[in-house]
Amino acid sequence: MIQVNQVNKTFQLGDQPVHALNNIQLKISPGEYLSIMGPSGSGKSTLLNMLGLLDIPDDGEYWLQGCDGLALDTVPMDEEVRARYRRDHIGFVFQSYHLIPRLTAAENIELPLVLAGIPPDERKERLQPIIQRLGLEQRAGHLPNQLSGGQRQRVAIGRATIMRPKLLLADEPTGNLDSHSGAEVIELLEELNNDGITLIIVTHDMDLGDRAKRKIRMVDGEIVLDKSREQEPS
Amino acid sequence: MRWQDWFHLVFSSVRYNPLKSLLTSLGIAIGITAVTLLTSLGEGVRGYVMDNFSQFGTRIIAVMPGKDDTSGMGGMLSSVRFLTLGDAYSLERLPHVDYMVANVQGSGPIKFGARSRNTEILGTTSSFQQAWDFPLASGQFLPVNRGQVSSAHAVLGQKVKQELFLAQNPLGKFVRIAGQRYRVIGVMQSKGSMLGFDLDDMVYIPADRALTLFNREGLMEIDVVFSAQTTSSKMAERIHEKLIERHGQEDFTLITQDEMLDSLDSILSLLTLGIGALGSISLLVGGVGIFTIMTTNIRERSAEIGLLRAIGTSRNQLLSLFLGEAMLLSFIGGLLGMLAAMAILLITSIFAPSFPISPNPIYLIAALLISGLIGLVSGIRPAWLASKMSPVHALRNE
Ligand SMILES: Nc1ncnc2c1ncn2[C@@H]1O[C@H](COP(=O)(O)OP(=O)(O)OP(=O)(O)O)[C@@H](O)[C@H]1O
Ligand SMILES: [Mg+2]
């Protein structure tokens, strides 16, 4: 469960303050599928980074439910605690993949396991089904620059999910992909959501945004629209 | 993180851009080569000098005229008495003395027939040959002096013999040394040179005759070789007493060989350390190189750092990864430098075997440790910066 209360974030651009998040109020239940849309510069990435504990709000509260079921306000958390929380509970997928160029596809996927100090046998056990599911059996030993964009993004998804997080955040995951591989990536993400992961996607693509069960629209750092498909008369 | 994985990650980033990594470690490599070569040279020179000085053993006391720590020049000039052959023979009769060698040295022409040569002339006593264990090639060495003026006998060094007599047998022949007639009674075997001093280009004549020849009143040095039954300090004590008794004052200087070797050794060791330190300046330059490259590296790789932070790499893990890279680069440099130095030493030992170089494994290990340390020190700031980057900021900086 996610609960965001009265969160603000201001950046200083030159001498111009930019209100990237303006009094954000948001509640997300486990297993939801959200899309965040809005014009460029409206604060979508800032919101996502905040939800992913990469960024800290200036004020307000951000409650996250830990694995013990207890909700914690993450705003005063120490950076090292956040890092650990990110590793264990949150997966990120970025527009530009962010793979480590000198590690193979398989090594990129298992990186969070390596950081967590999990021994190779167990890593292999957890890696195998994921590589199969991503359809990367033939590519596991390749370096990122030997992979197509779609394959790279699938590697990134593998890395984001190998720790079995509860929350998966994707910032324009199809932004660099053609429509075919974009659709494949989205299908993969939706499958994961069907398995129970909370999925939040930032996108500029209307069709893609419409597929989400709950749509949020942002303008100038404010949530101007938050609607669930259930409420829609269809 | 398990250490094997840590090593794999560190190694993979160093290997990813081999040329860049190699260039980065080059500074350290050159520094280590310099330090290794310089210290090997220093050690070599030390060993060479020490060998030369200790080849005659350590149970030696040298007596020289004059005392250099008396106060005031006037007193010294007025009252100095020369070391005479009488002094020398009185020392020879002291207990525990194995050999006494009196020396007076000069140079001059030696002639045989039409051939002539300028050589060192050493006036010495008959014990010279046994004391220093210089083997004879033929004939005999100078005979023992019986208290009267020695006969005009000469012993030739190997080179002098070859230059003057070619293939002829010189024994019994007469040569002219600084105008005086001497009969050749022996020839020394070749002994090579010691500290640049050619021991074969030398003529030996009785010390009393040399004093007259050079028109000197005193000996230059009396060497006393004593037996193992006494100690250096006790022996020095006895010589001291004897000469005071004869001269009435301390107008001579005693130098014991072990004292001399000790101070020589510490001077030369210090010298080795000094030139080693000089070489480490280039190591410092190498360290600055690693620092620079690592700092720019971190700027270039900020997206990667952001990603690592995003997926939960702790600050300490990030710090250790970047420190590991700096240390590995530096260590590779150290290893390369050491190999280069060994190759140079090997080539030198093949083409100039007499060149005094002796690589000391302690210095080699120290050089490797130092290179790792330099990597550590020069990597600390860049790695610290990397670990301090805010994840969002790092991710935005693409
Ligand atoms: N680190 C930062 N420093 C300064 N300004 C920032 C920073 N991060 C974001 N901003 C500003 O905050 C505002 C919101 O940025 P954000 O990246 O969240 O927009 P976005 O909705 O994701 O836009 P886009 O669709 O183009 O990705 C922008 O005006 C941006 O310039
Ligand atoms: Mg954005």
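Look up: the structure comes first, before these words.
Treat the numbers as computed from the prediction; the structure is a model and nothing was measured. (Residues numbered from 1 in each chain as written. Chains lettered and ligands numbered in written order. Predicted model: local features only at pLDDT ≥ 70, side-chain atom pairs only at ≥ 80, totals over all residues. Heavy atoms only, no water.)

1. Quick look at the overall build of chain B
Along its length, chain B carries 13 helices and 12 strands. In summary, chain B has a C-alpha radius of gyration of 33 Å against a globular reference of 21 Å for 398 residues, an excess of more than 25%. Considering chain B as a whole, with its 398 residues, one finds that 45% of them fall into the buried category. Long-range pairs, those at least 24 residues apart, make up 79% of the contacts in chain B with a sequence separation of at least 6. Of the roughly 19,600 Å² of accessible surface on chain B, a fraction of 61% belongs to carbon and sulfur atoms. Here chain B contributes 32 positive and 31 negative side-chain charges, whose respective centroids are spaced 7 Å apart. (Helix = DSSP H or I, 4+ residues; strand = E, 2+ residues; numbered from the N terminus. Rg over C-alpha atoms; globule rule 2.2 N^0.38 Å. Buried < 20%, exposed > 50% of the residue type's maximum accessible area, 1.4 Å probe, protein only. Contact = heavy atoms within 4.5 Å. Areas by Shrake-Rupley, 256 points an atom, 1.4 Å probe, with all protein chains shown as cover. Lys, Arg positive; Asp, Glu negative; His and termini not counted. Charge placed at Lys NZ, Arg CZ, Asp CG, Glu CD.)

2. Observations regarding the sheet that holds strand β10 (residues 222–228) of chain A
Residue and element names in this part refer to chain A. As summarised here, the arrangement of the six strands in space is β6-β7-β8-β3-β9-β10, forming an open sheet in which the pairing is mixed. Looking along the sheet, the strands with just one partner apiece sit at the ends: β6 (90–93) and β10. Taking the axes of each pair of neighbouring strands and ignoring which way they run, one obtains an average angle of 15° across the sheet. Pairing geometry for β6 and strand β7 (residues 167–171), over four bridges, is parallel. Across the sheet, Val93 pairs through a bridge with Ala170, a residue of β7. In the packing of helix α2 (residues 79–89) onto the sheet, the strands contacted are β6 and β7, and the crossing angle to β6 comes to about 80°. With respect to the sheet, helix α5 (residues 149–161) is in contact with β6 and β7, its orientation differing from that of β6 by roughly 170°. (Pairing = 2+ DSSP bridges. Axes fitted to C-alpha atoms, helices over the stretch in contact; angles between N-to-C directions.)

3. Regarding a nonpolar patch on the surface
Together, Leu19, Leu23, Leu26 and Ile30 of chain B line one region of the surface with nonpolar side chains, adding up to about 410 Å² of accessible area. Structurally, the position occupied by Ile30 of chain B is in helix α2 (residues 18–54). (Patch = residues over 30% accessible without salt bridge, like charges linked within 9 Å, V, L, I, M, F, W, Y side chains within 5 Å. Salt bridge = Lys/Arg side-chain N within 4 Å of Asp/Glu carboxyl O.)

4. Some details on unusual backbone geometry
With a phi close to 50°, Asp220 of chain A is a non-glycine residue in the positive phi region. Along the chain, Asp220 of chain A turns up in the loop between β9 (214–219) and β10. In this structure, Leu166 of chain B takes a positive phi of about 50° despite not being glycine. Note on Leu166 of chain B: relative accessible area 48%, which makes it partly exposed.

5. Side note on the site of ligand 1
Looking at ligand 1, there are 15 residues lining it, with Ser40, Lys44, Ser45 and Thr46 of chain A together with Arg396 of chain B nearest. The site occupied by ligand 1 is bordered by residues of chains A and B. At 3.0 Å, a backbone N or O of Gly43 of chain A approaches an oxygen atom of ligand 1. Here an oxygen atom of ligand 1 sits 2.9 Å away from a polar atom, N or O, in the side chain of His204 of chain A. Sorting the residues of the shell around ligand 1 by element identifies β1 (2–13), β2 (16–28) and α1 (44–51) of chain A as the ones contributing at least two each. For the shell around ligand 1, the element with the most residues is α1 of chain A, which contributes three residues. In terms of residue class, the shell around ligand 1 is made up of five nonpolar, seven polar and three charged. (Near = heavy atom within 4 Å. Polar contact = N/O pair within 3.5 Å; in protein donor to acceptor, adjacent residues only side chain to side chain. Nonpolar A, V, L, I, M, F, W, Y, C, P; charged D, E, K, R; others polar.)

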